[in-house]
Number of protein chains: 2
Amino acid sequence: MDEFMQAAIDEARQGRQEGGIPIGSVLVRDGKLVSRGRNKRVQEGNAIKHGEMDALMNAGRQRTYRDTVLYTTLMPCFMCAGTIVQFKIPKVIVGEARTFGESKAFLESHGVEVEILDLDECVKMMESFIEEEPELWNEDIMEL
Amino acid sequence: MDEFMQAAIDEARQGRQEGGIPIGSVLVRDGKLVSRGRNKRVQEGNAIKHGEMDALMNAGRQRTYRDTVLYTTLMPCFMCAGTIVQFKIPKVIVGEARTFGESKAFLESHGVEVEILDLDECVKMMESFIEEEPELWNEDIMEL
């Protein structure tokens with residue numbers, strides 16, 4: 001397993017242990033971690049704290065993101081995809097896009113490279129969560 | 001002046017007084033304020049705290065946004081536009097779109113109604129800021 005995707009998965013698992021939604025993300029530059037994050041909707045009562053947003057918040061003010069790669073365990077939603085486009089992050093590496101995700105075409109139309117690893121570990125993590133907490137999941141993707 | 005746009009402008013002006021970027025936003029439901037926010041990149045060293053994102057963060061966990069309207073002093077960037085689409089906010093009322101903004105077509109293609117008030121007060125507020133702090137503005141829109 002790629003060490004950065006492993007770090008994103010570790011974040012996701014930590015979030016689930018905290019009672020939250022198991023989605024994690026890390027920002028990488030020059031083969032080094034810049035920041036890490038996880039979905040904190042439950043933990044902080046914060047609707048904008050998706051994993052990708054938390055990682056970007058934890059990165060503070062960066063002069064540029066053009067030399068970064070964002071890893072995320074799940075295909076980004078439109079909030080996170082719009083952020084990737086706005087921040088001009090050139091590449092996103094995604095754990096899986098089977099359980100969620102409709103933003104690939106939007107990202108690619110704005111020149112973002114999207115690599116989907118399609119990892120069983122990520123799929124199983126989300127499938128278990130969605131089965132256990134369907135209402136929370138639907139709240140997070142605004143499908144209530 | 002619409003009271004909600006006035007509240008968004010008040011947030012923007014407060015942000016500028018704090019040394020920050022003068023963009024404000026409020027979330028409204030049933031003719032009442034749900035939350036208010038302003039860009040806090042400078043104040044909190046937080047790159048994702050655009051005005052709209054701050055207002056949505058301050059709204060906490062809402063069961064739905066389908067019955068809300070988001071007011072913002074400036075046309076949303078793609079981060080904020082993607083968030084509006086993801087959150088299924090049906091309408092955005094914008095102070096001005098002259099100094100910034102390329103997300104209108106994206107919003108409308110996802111069924112979001114965009115009303116641009118084109119207020120001189122909002123244009124002047126942004127023009128003054130951009131003239132005073134061009135580097136900070138370019139950092140905020142990731143044009144460095």
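All of these numbers come straight from a predicted model, not from anything done at the bench. (Residues numbered from 1 in each chain as written. Chains lettered and ligands numbered in written order. Predicted model: local features only at pLDDT ≥ 70, side-chain atom pairs only at ≥ 80, totals over all residues. Heavy atoms only, no water.)

Q: Go over the pairing of strand E4 (residues 91-96) of chain B, please, and point to the residues and values.
A: Residues and elements named next belong to chain B. Counting buried positions along E4 yields five of six residues, so the element is predominantly enclosed. In this sheet, E4 lies alongside strand E3 (residues 68-74) in parallel orientation, the contact comprising five bridges. The residue bridging Leu74 from the neighbouring strand is Glu96, located in E4. Each parallel crossover has a hand, and the one from E3 via helix H4 (residues 78-86) to E4 is right-handed. For E4 and strand E5 (residues 113-116), the ladder comprises four bridges, and the chain directions are parallel. Paired with Lys91 across the strands is Glu113, a residue of E5. Once the chain exits E4 it traverses helix H5 (residues 104-109) before rejoining the sheet at E5, and the crossover so formed is right-handed. (Buried < 20%, exposed > 50% of the residue type's maximum accessible area, 1.4 Å probe, protein only. Helix = DSSP H or I, 4+ residues; strand = E, 2+ residues; numbered from the N terminus. Pairing = 2+ DSSP bridges. Right-handed = clockwise from strand over helix to strand, strands pointing away.)

Q: With reference to specific residues and values, describe the relation of the copies chain A and chain B.
A: If you rotate chain A by 180° and push it 0.0 Å along the axis, it lands on chain B with an RMSD of 0.0 Å. Given the turn and translation reported, the copies of this chain are related as if by a two-fold rotation axis. When C-alpha positions in chain A are compared against the rotation axis, the closest is assigned to Gly82 of chain A, at 2.3 Å. Here 100% of the contact residues of chain A are again contact residues in chain B; the copies associate through an equivalent surface. (Least-squares fit on C-alpha atoms with pLDDT ≥ 70 in both. Contact = heavy atoms within 4.5 Å.)

Purely spatial values, then, with no claim about function.
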